[in-house]
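Architecture and fold: a report
So the chains spell out like this:
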Amino acid sequence: MTTDVRSRKSAGSGAFDAPYATPDESLAAQLIADSAQSDAADKRIDARATRLIEGIRAHAGGLGGVEDFLHAYSLSTKEGLALMVLAEALLRVPDAVTTDRLIEDKLKAGDWTSPDLKSNALLVSASAWTLGMTVRIIQPGETPDSILESLAKRLGVPAVRSATRQAMRLLGSHFVLGQTIEEALDRADRNGGLRYSFDMLGEGARTAADAERYLSAYAAAIDAIGKAAGDDALPNRPGISVKLSALHPRYEAVSRGRVLAEIVPRVLALARKARDHDLNFTIDAEEADRLELSLEVIAAVVADTSLRGWEGFGLAVQAYQKRAGAVIDWLAELAKARQRRFMVRLVKGAYWDTEIKRAQERGLGDYPVFTRKPMTDLNYLQCTRKLLAARPRLYPQFATHNALTVASVIEDAGGAGAYGAGAYGAKGYEFQRLHGMGEVLYETLSAELPDAACRIYAPVGGYRDLLAYLVRRLLENGANSSFVAVAADPTVPISTILRRPRAWIGEAKQARHPKIPLPHHLYGAGRRNSAGVEFGDAKSLEALVNDVRGADVPTLATPILNGIALSGTERPLRSPIDGNIIGQVREANPVMASAAMAAAQTGFAVWSTTPVATRARCLERAADLFEKQRARLIALTQHEGGKTLDDALAEVRETVDFCRYYAAQARESFAPTALPGATGESNTLRYRGRGVFVCISPWNFPLAIFCGQIAAALAAGNTVVAKPAEQTPLIAAAAVRLLHEAGVPSAALHLVPGDGTIGAALVADARVAGVAFTGSTEVARLINRALAAKDSAVVPLIAETGGINAMIVDATALPEQVTDDVITSSPGEMPAAMMLRCRAAVHE
Ligand SMILES: Cc1cc2nc3c(=O)[nH]c(=O)nc-3n(C[C@H](O)[C@H](O)[C@H](O)COP(=O)(O)OP(=O)(O)OC[C@H]3O[C@@H](n4cnc5c(N)ncnc54)[C@H](O)[C@@H]3O)c2cc1C
């Protein structure tokens, strides 16, 4: 992966550089102050929103579709979800006979308890489940299988079978207007007079072929929509919504240079087509880490003079993002600079769960989205005002299914946006809703404001591309914070629904959700999460890349005994990238290996009796030092280990996490406890170190596994002789120096670079009390045999060996998810392995 951080000004407009994740409190005060309304305005909003909610509640089945389905089968959201998971998987089965057989197979009463069925895990791996549904709806340990099992027991198999079929029909038709654009246009035509924005299902292209397929689908759809568009003028013309992630397999910030070079011409070609038909062409909003890149793409596209005079170009802005207001300001400036008009869809945002999880997983300083829903609502109101004030340069499109939001927009706008003449002027705007949602809300609205303009966002496509979209809709329907869920629930009083976001928030200092810790505090007080870098934040990425480029990378590795660098047989080290010489290693000989074992044994007396808290502090200081020297370690890992930037960063973070994790484990597990009948302080120790551990690590995680093995052994009170992989001694030597600097006594940790013969000599040494090895199964077997041949007490071997697993993927799996799970995000170290090392490194 090449990292391109060339100046972002090159797109031809002012770069968008709002802070990625401003603290919530500092935004809240302004948002609360700006949201004040007069009493009269508040009363009008209350009255209108009440009428709309009453309209929704009066309608049989409330919200229609999904809610009706869940009620009809007395399903809680979680059961409905489990059925949807099954139904969605079934939609991808190519033929009806297999579909039927699968349903029968899944619902056969006896089979629910069959261990074979349970372990077959067809549903457990279903993407919908893993894509974030767990956050609010599902309890830990629950699986679609287990929920369906209890459902079948409760309702009986025939009812569940029929619900499954209905769920399939519902998924197929409720959220999708047509499987082809022709079918969708036909259905839209029958709804006469409504504005549509067609969305070709498909996003997150994983291959160039996917991107080509989506590009052709968009192009063909634009032509078809254009031909059927009639003679009205914008904004009363249909449109298309485009996801940039569908148009490029590497639509990510680290690939910025390539993305801009390749995607801009594609978007431009589509935009020109839309211009030819004078359509509304909207770039959908996706994940927060893609925002800056998408604005760059947009700036580059609209700079093209061929689009001059066309007023249909637009984009979606997400109010749950803290940067939403800044995006609108940036856009208004761009419209002015380019003498253009843009259509701007204001949404609250559909990826909230993903954003929270990503920020946590990436160890960011703060979240790019708000953590309390009323903050999102407050921000939506402020963005509403910004958009209304920016007319006619910006044409606001308020996309919401929330009656209170609709009433607030109408109040701020001084009335509804009209369909008729002048709709595009200083007073124009429209509402938007999704196909399959919000029908009753907007029917009720148009009964009292017949001219209120509303556009329907209508997904089009085959079931194979439905899932990602569907997951967002299910979340929206199922989340208990969501308006559609509370509006459908008659036990929630209307007065509660009408409570204003500023009243929910109260004071600015309460802007954050008290149960959503900052990413750094994810693991509680006992262990800090390692700090990451958001590549989608160009400023952070640039700073990191500059630091890495400027880092001073060591070029010599030597054996280190008692902290002293020794000489040895010198061997050149070659870059795995281009084969150039990058440094030298002085390799240890068997005599040095033996000396290292002797030194470690001497060191054991002191280190093993060092209080646990002190040992843990050393590891925590090491973690801090690794973080401080992140740029140098990344540079080194790239240089010697051939890692890409994101892999190298992940490697440093994993190292930091290992140190803190083992420190926390040591504090928890090795704290002195009074043993029955024991006297004296040493007798209160339940665990103690075994002696000298030999740690042998591989080249593929040259820093993380190297340090993980050492940290586990040290935490448990052992001393260590470490032998790194032949390919990566520079990294190992730097890590040992940092561990010493952090306070690990030089007598407790020694480094002996060398090849397999040195490893074998260490393992064969009579003083070895344990071996931690990560590498091939073949070598692990050799070590095992060598240890077994000893006359002394049994020496534990903690081996994590490689293996090749076969995977069978059937037609019900979503290929994109399989790719993500298996290939792109293959896990490094699993917590279980961490525990194993820690436990096995002690005497009980
Ligand atoms: C026409 C149309 C087009 C759309 N296009 C896009 C698009 O391009 N990109 C996109 O992302 N979405 C898009 N959406 C989806 C849209 O984001 C959701 O439909 C919308 O968020 C629902 O808002 P609401 O006002 O109807 O519901 P409400 O229930 O009032 O609000 C739901 C919002 O609150 C947020 N929320 C929930 N809990 C919290 C919390 N604890 N902290 C902070 N926020 C929270 C949710 O994430 C969601 O954004 C589109 C929707 C429509 C109708």
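See the structure printed just above.
A short tour of the structure in this document, coming up. (Residues numbered from 1 in each chain as written. Predicted model: local features only at pLDDT ≥ 70, side-chain atom pairs only at ≥ 80, totals over all residues. Heavy atoms only, no water.)

1. Considering a nonpolar patch on the surface
Where we set the bar: Each patch is built from residues lacking any salt bridge and having more than 30% relative accessible area; the joining distance is 9 Å for like charges and 5 Å for nonpolar side chains (Val, Leu, Ile, Met, Phe, Trp, Tyr). A 1.4 Å probe and the Shrake-Rupley method give the accessible areas. Residues count as covered only by the protein chains that appear here. Any Lys or Arg side-chain nitrogen located within 4 Å of an Asp or Glu carboxyl oxygen qualifies as a salt bridge. In this text, helices come from DSSP runs of H or I with a minimum length of four residues, and strands from runs of E with a minimum of two, each type numbered from the N-terminal end.
A cluster of nonpolar side chains, Met807, Val809 and Val822, forms an exposed patch at the surface whose accessible area comes to about 260 Å². For methionine 807, the position within the fold is in the loop between β19 (797-801) and α32 (815-824).

2. With respect to the packing of aromatic side chains
Heads up, the condition is: Only rings of Phe, Tyr and Trp enter the pairing, Trp through its six-membered ring, and a pair is recorded when the two centres are within 6.5 Å. The plane angle decides the type: under 30 degrees is stacked, over 60 is edge-to-face, the rest tilted. Partly exposed residues are those whose accessible area sits between 20% and 50% of the maximum for their type, while under 20% is buried and over 50% is exposed, using a 1.4 Å probe and protein chains only. We count a charge as sitting over a ring when the NZ of a lysine or the CZ of an arginine lies within 6 Å of the ring centre and within 35 degrees of the ring normal.
All told, the structure shown has 14 aromatic pairs when counted by the stated rule. Ring plane angle 85 degrees and centroid distance 5.5 Å describe the contact between tyrosine 429 and phenylalanine 431, whose orientation is recorded as edge-to-face. Comparing tyrosine 429 with phenylalanine 431, the two get one shared label, buried. Seen from their ring centres, phenylalanine 670 and tyrosine 687 are 5.5 Å apart, and the 75 degrees between their planes marks the pair as edge-to-face. Highlighted residues: phenylalanine 670 in the loop between α27 (645-669) and β14 (688-689) and tyrosine 687 in the loop between α27 and β14, separated in sequence by 17 residues. Among the aromatic residues, those joined into a ring-pair cluster are Phe281, Trp310, Phe313 and Phe342. In this structure, lysine 348 packs its charged tip against the face of tyrosine 380, placed 5.3 Å from the ring centre. Taking the ring centre of tyrosine 523 as reference, the NZ or CZ of arginine 527 above it sits at 4.0 Å.

3. A word on the pairing of strand β7 (residues 430-434)
We apply this condition: The rule for pairing is simple: two strands pair if DSSP sees at least two bridges between them. Orient the strands so they point away from the viewer; a crossover is then right-handed if the path from the first strand over the helix to the second runs clockwise.
Of all the five residues making up β7, five are buried; the element is thus mostly covered by neighbouring parts of the structure. By the bridge criterion, three bridges tie strand β6 (residues 394-399) to β7 in an arrangement that is parallel. Paired with alanine 399 across the bridge in β7 is glutamine 432. Looking at chain direction, β7 and strand β8 (residues 454-460) are connected through four bridges and run parallel. Looking at the pairing, glutamine 432 lines up with arginine 455 of β8. The handedness of the β7 to β8 crossover, carried by helix α18 (residues 439-448), is right-handed.

4. Points about the site of the ligand
Threshold: If a single non-hydrogen atom of a residue is within 4 Å of a molecule or strand, that residue counts as near it. Distance and chemistry together define a polar contact, namely a pair of N or O atoms within 3.5 Å, with one atom able to donate a hydrogen and the other to accept it when in protein, and with adjacent residues in sequence counting only for side-chain atoms on both sides.
Lining the immediate environment of the ligand, one finds 32 residues, of which Gly349, Thr376, Thr400, His401 and Phe483 sit closest. Glycine 349 is positioned with one of its backbone polar atoms (N or O) 2.5 Å from an oxygen atom of the ligand. Here an oxygen atom of the ligand sits 2.9 Å away from a polar atom, N or O, in the side chain of lysine 373. A total of 960 Å² of accessible area belongs to the ligand in isolation, and the protein chains cover 94% of it.

5. Looking at the pattern of salt bridges
Opposite charge on two side chains allows them to pair when their charged atoms are near. In total, this model carries 46 salt bridges according to the counting rule given. A salt bridge links arginine 358 to aspartate 289; the nearest nitrogen and oxygen atoms lie 3.6 Å apart. Here arginine 358 is found in helix α15 (residues 352-361), whereas its partner aspartate 289 is found in the loop between β3 (280-283) and α13 (291-302), with 69 residues between them in sequence. A network of salt bridges, in which partner residues are shared, links Asp24, Glu25, Lys322, Asp366 and Arg512.

6. A short note on the packing of helix α11 (residues 208-227) against helix α12 (residues 256-276)
Our working definition: Only the stretch in contact is used when a helix axis is fitted, and all axes are lines through C-alpha atoms; the angle between N-to-C directions ranges over 0 to 180 degrees. Put simply, angles under 35 degrees are roughly parallel, angles over 145 are roughly antiparallel, angles from 65 to 115 are roughly perpendicular, and the rest are oblique. Crossing chirality is assigned from the near helix's rotation relative to the far helix, an anticlockwise turn below a right angle marking it left-handed and a clockwise turn marking it right-handed. Pairs of residues are marked as contacts when any of their non-hydrogen atoms sit within 4.5 Å. Throughout, the ten residues Ala, Val, Leu, Ile, Met, Phe, Trp, Tyr, Cys and Pro are labelled nonpolar, Asp, Glu, Lys and Arg are labelled charged, and all others, Gly among them, are labelled polar.
Where α11 contacts α12, the two axes come as close as 9 Å, and the packing angle between them is 10 degrees. Relative to α12, α11 is oriented roughly parallel. In the packing of α11 onto α12, the handedness of the crossing is right-handed. Mapping the contact onto sequence places Ala211, Leu215, Tyr218, Ala219, Ile222 and Asp223 in α11 and Arg266, Leu270, Lys273 and Ala274 in α12. Among the residues making up the contact of α11 with α12, the classes are represented as seven nonpolar, no polar and three charged.

7. Overview of the packing of helix α28 (residues 704-715) against helix α29 (residues 729-741)
Where α28 contacts α29, the axes come no closer than 10 Å and their chain directions differ by 35 degrees. For the element pair α28 and α29, the recorded crossing hand is right-handed. Each of Phe706, Cys707 and Ile710 in α28 lies in contact with α29, whose residues at this interface are Ala732, Ala735, Val736 and Leu739. Partitioning the contact of α28 with α29 into residue classes produces seven nonpolar, no polar and no charged.

8. Section: the side chain of asparagine 379
By the secondary structure assignment, asparagine 379 is in helix α16 (residues 373-389). Non-local contacts of asparagine 379, meaning those with residues more than four positions away in its chain, are made with Leu31, Ala319, Gln321, Ala324 and Phe370.

9. A few points about the sheet that holds strand β5 (residues 342-347)
Taken in spatial order, the eight strands line up as β1-β2-β3-β4-β5-β6-β7-β8 and close into a barrel, and their pairing is parallel. Strand after strand, the sheet turns through a mean of 30 degrees between neighbouring axes, direction not considered. Across the face of the sheet, helix α14 (residues 324-338) comes into contact with β4 (313-318), β5 and β6 while running at roughly 160 degrees to β4.

Without other data, these values stay purely geometric and don't point to any function.
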